[in-house]
Structures are given as C-alpha cells and as structure tokens.
Amino acid sequence: PAPKDAEQVDPHEMPPVEDPMSESTALVPKAETALARPTLSAEQKELIRSQIARGCSEDEVQLFFGVCERTGLDPFARQIYCLRRRQKVDGQWVDTMLIQVSIDGFRLIAQRTGKYRGQVGPQWCGEDGVWRDVWLEDGPPAAARIGVLHADFAHPLFAVARYASYVQTTRD
C-alpha cells in the first residue's frame, strides 16, 4: 500500500515502538540489570535504619532504600552511603540527608556497561602542576586524578579532583 501522510495515520495502525530498555538500546542489558538489583531484606533495612542512616527521617530512609534497590548498589559493600550534612538554607544551618556513591559503586556501574577496562593512576600534583605517582610531601596535594579506560576510547579519560574543592575548612 502507498504510504500515508502523517496527518492521515490511524494511531491503531502505528507500528509498535521499540522498548527503550530492550537489549539493543539499553546501556545495561536486562539480564545484568535484573541481577544487579537485589531486594533488601527486612533485617537489612532495620540495620540500615539503625547504623547506616542514623538520624534520618523515615521518608529519607525510604528514599535511600529506593535508590539502593533501583541502582543495585549495596550499602553493606560500601558502594553507596547515606550521610547527614549541614548546609546553609536561607542563611540558616540545617541538617540534610545526602546519598553518595563511592568509588567502588561507580566502578560497579561502569563494569555493568561492559565497556569499562580499568583505570590509570591515581596521580597527585602540587601547586607546581607536575603529576606524580606517589605523594611524598608533608602537606596535601593540590589535586588528584584517575584515568578511566573505556573500550571505545583510544586514551584514558581523566577526571581531576581539586583539594580546595573538597576540603572542609570550618566546623559548620
């Protein structure tokens, strides 16, 4: 049959749309995704409430459970953390809950893609900007970096963390 104009297409005759999470388009294949998302037991949830998410409201704890189960990251393997932090909101210090993924959690996520090939480093540099494999100075380095090896890249992809961006300088 002759093709129809877009305005004349009957929605009931539209071809099926491919599932965006099908094997061909998903970043993580379904089989790996299913394996990577264990459900937390009632005992584990209680332990998280009392030890890992101390001081969090029930809503914050439920959010943390949801993120753990959705991402398949294990707080007991130190892949993901539930932290309390103080931050200024409208000039007032308030305690807030923060969900933080550890380097091991990020490595697991990268491994699940099937493209992760390891890393180069770490390396550190001082104020002179020279990268070193070992930091032997008395003071902290100005920055640290890691190079991630990816199957589709010819060279490592480096990420740099500056000390000044992460150091806590006050009690607040």
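So, here is what we can say about the structure in this document. (Residues numbered from 1 in each chain as written. Predicted model: local features only at pLDDT ≥ 70, side-chain atom pairs only at ≥ 80, totals over all residues. Heavy atoms only, no water.)

Both strand β1 (residues 80-89) and strand β2 (residues 92-101) contribute to a ladder of 10 bridges, which runs antiparallel. Paired with R84 across the two strands is M97, which belongs to β2. Counting the residues between successive antiparallel strands, the hairpin from β1 to β2 contains two residues, one of them, D90, with a positive phi of roughly 55°. (Pairing = 2+ DSSP bridges. Helix = DSSP H or I, 4+ residues; strand = E, 2+ residues; numbered from the N terminus.)

The strand order β4-β3-β5-β6 describes an open sheet built from four strands, whose pairing is antiparallel. Across the chains shown, the open sheet's two edge strands, defined by having one partner strand only, are β4 (131-132) and β6 (157-162). Here two bridges tie strand β3 (residues 116-125) to β4, and the two strands are oriented antiparallel to one another. Looking at β4, one finds that C125 is bridged to W131.

Right, let's talk about unusual backbone geometry for a bit. The step from G121 to P122 runs through a cis peptide bond, and the omega angle for that step is 20°. Secondary-structure assignment places P122 in strand β3. Phi is positive for R78, which is not a glycine, with a value near 60°. Mapped onto the fold, R78 is located in the loop between α3 (58-71) and β1. Note on R78: relative accessible area 59%, which makes it exposed. (Buried < 20%, exposed > 50% of the residue type's maximum accessible area, 1.4 Å probe, protein only.)

Further remarks concern a nonpolar patch on the surface. A grouping of I103, F106 and I109 is seen on the molecular surface, where their side chains present a nonpolar patch of about 280 Å² in accessible area. Mapping I109 onto the fold places it in helix α4 (residues 103-112). Taking the relative accessible area as the measure of exposure, I109 reaches 35% and is therefore partly exposed. (Patch = residues over 30% accessible without salt bridge, like charges linked within 9 Å, V, L, I, M, F, W, Y side chains within 5 Å. Areas by Shrake-Rupley, 256 points an atom, 1.4 Å probe, with all protein chains shown as cover. Salt bridge = Lys/Arg side-chain N within 4 Å of Asp/Glu carboxyl O.)

Within this structure, the stated rule accounts for seven salt bridges. When the shortest N-O distance is used, the salt bridge between R49 and E58 registers 2.8 Å. Close ionic contact of R107 with D104 constitutes a salt bridge, the shortest N to O distance being 3.0 Å. Of the two residues, R107 and D104 both sit in helix α4, three residues apart, roughly one turn of that helix. The exposure class of R107 is partly exposed, given its relative accessible area of 29%. The partly exposed category is assigned to D104, whose relative accessible area is 39%.

What follows concerns the packing of helix α2 (residues 42-52) against α3. Direction vectors running N to C along α2 and α3 enclose 120°, while the axes themselves pass 11 Å from each other. Here α2 lies oblique to α3, going by the angle between them. Of the two possible hands of crossing, α2 and α3 adopt the one that is right-handed. Facing K45, I48, R49 and I52 of α2, the residues of α3 in contact are E58, V61, Q62, F64, F65 and E69. (Axes fitted to C-alpha atoms, helices over the stretch in contact; angles between N-to-C directions. Parallel < 35°, antiparallel > 145°, perpendicular 65-115°, else oblique. Left-handed = near helix turned anticlockwise from the far one by under 90°. Contact = heavy atoms within 4.5 Å.)

To continue, consider the pairing of β3. Sheet analysis places β3 next to strand β5 (residues 143-150), joined by six bridges and oriented antiparallel. Paired with W124 across the strands is A144, a residue of β5. Where β3 hands over to β4, the hairpin turn is made up of five residues, of which G129 adopts a positive phi near 80°.

Attention now moves to the packing of aromatic side chains. As enumerated under the stated definition, the model contains zero aromatic pairs in all. Lying across the ring of F158, R145 places its NZ or CZ 4.4 Å from the centre. (Phe/Tyr/Trp six-rings, centres within 6.5 Å; stacked < 30°, edge-to-face > 60°. Lys NZ or Arg CZ within 6 Å of the ring centre and 35° of its normal.)

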